[in-house]
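Observations on the three-dimensional arrangement
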Amino acid sequence: MISFLRGPVAHVGLSSGVIDVNGAGMSFWATPQTLAGLRVGDEATVHTSLVVREDSMTLFGFAAPEEREVFEVLLGVSGVGPRLALAVLAVHSPEAVRVAAHSEDAKAFTKVPGIGPKVGARLVLELKGKLVPLGTGDAPAPAAAADGAGWKAQVIEAMSSLGWSEKDAASSIDKAMADQPDVAETGSVPEILRATLRWLGQGTRGVKAGSRG
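Residues numbered from 1 in each chain as written. Predicted model: local features only at pLDDT ≥ 70, side-chain atom pairs only at ≥ 80, totals over all residues. Heavy atoms only, no water.

**Things to note about the pattern of salt bridges**
Here is the rule we go by: By definition, a salt bridge exists where a carboxyl oxygen of Asp or Glu is found within 4 Å of a side-chain nitrogen of Lys or Arg. For helices the rule is a DSSP run of H or I covering at least 4 residues; for strands it is a run of E covering at least 2, with both sets numbered from the N terminus onward. Note on exposure labels: buried denotes an accessible area under 20% of the residue type's maximum, exposed denotes more than 50%, and partly exposed covers the range between, all computed with a 1.4 Å probe on protein chains only.
Going through the model one piece at a time under the given rule, you end up with three salt bridges. Taking the shortest distance from any N to any O, the salt bridge between E69 and R98 comes out at 3.3 Å. Of this pair, E69 sits in helix α2 (residues 65–75) while R98 sits in helix α4 (residues 94–102), and the two are 29 residues apart along the sequence. Note that E104 is salt-bridged to K128, the shortest N-O span being 3.5 Å. Here E104, found in the loop between α4 and α5 (106–109), pairs with K128, found in the loop between α6 (117–127) and α7 (151–161); they are 24 residues apart in sequence, far enough to count as distant. You can call K128 partly exposed: its relative accessible area is 39%.

Here it is as structure tokens:
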């Protein structure tokens, strides 16, 4: 089992990254929040979970062991695959997932694209007792550098990779940035993406995309 990767960051994409481990480029899928904390050329450590299937072996990366732990517990829920588990952590912090499971808040899970009421109820049922709040709160988001013009298309692309339709992603971005114009002014793709996902996770006005497989 590969528990972590450590080395220079070789590539950071919208949904995946690559770390150079002793000359071998190790690719992994990750949430936008994890990827936003990586910089090409910088030394980094990413905690990983290896998902093995009959026809593939895929690494999923996390900024902290707590995220990996919640991810692996989510994989134990019937009908939840690694991409959907990753999408949950893109919308909610590990502590928020624990709180939702402990308080039986199925609606919190339906804010994740691909999760409807039935799957949300199943998550609550199967996670009850397996995830309990730790009282840590949300970890502060890492600082991000401004990425210049054209950020909206990049944020929409990142959200689309997590399951939102382009229409719903664009609408959510517009509404989130209307509430947080200071974030919009930075032009930073990672910062705007994090802010939009946080806005959706608050649950008061977030939109939900259609179901996906």
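**Considering helix α3 (residues 82–91)**
Counting buried positions along α3 gives nine out of 10 residues, so the element sits mostly inside the fold. For α3, the full list of buried residues reads P82, L84, A85, L86, A87, V88, L89, A90 and V91.

**Points about the environment of H102**
Threshold: Any two residues whose heavy atoms approach within 4.5 Å at even a single point are treated as in contact.
Here H102 shows up in helix α4. Note on H102: relative accessible area 42%, which makes it partly exposed. C-alpha of H102 to C-alpha of L127: the two residues are 25 residues apart in sequence and 7.8 Å apart in space. In this view, H102 contacts K128, L131, V132 and P133; residues no more than four positions away in its chain are not counted.

**A word on the packing of α2 against α3**
Quick reminder of the rule: Where helices are involved, their axes are fitted lines through C-alpha atoms of the stretch in contact, as for all axes, and angles between N-to-C directions lie from 0 to 180°. In these notes the angle categories are as follows: under 35 degrees is roughly parallel, over 145 is roughly antiparallel, 65 to 115 is roughly perpendicular, and the rest is oblique. Crossing handedness is read from the near helix: turned anticlockwise from the far helix by less than a right angle, it gives a left-handed crossing, and turned clockwise, a right-handed one. Gly is placed with the polar residues, together with every amino acid not listed as nonpolar (Ala, Val, Leu, Ile, Met, Phe, Trp, Tyr, Cys and Pro) or charged (Asp, Glu, Lys and Arg).
Contact geometry of α2 with α3 gives a least axis separation of 9 Å together with a crossing angle of 135 degrees. Regarding the angle of α2 to α3, the classification is oblique. Here α2 and α3 pass one another in a crossing that is right-handed. Contact residues: E67, V70, F71, L74 and L75 in α2; P82, A85, L86, V88 and L89 in α3. Among the residues making up the contact of α2 with α3, the classes are represented as nine nonpolar, no polar and one charged.

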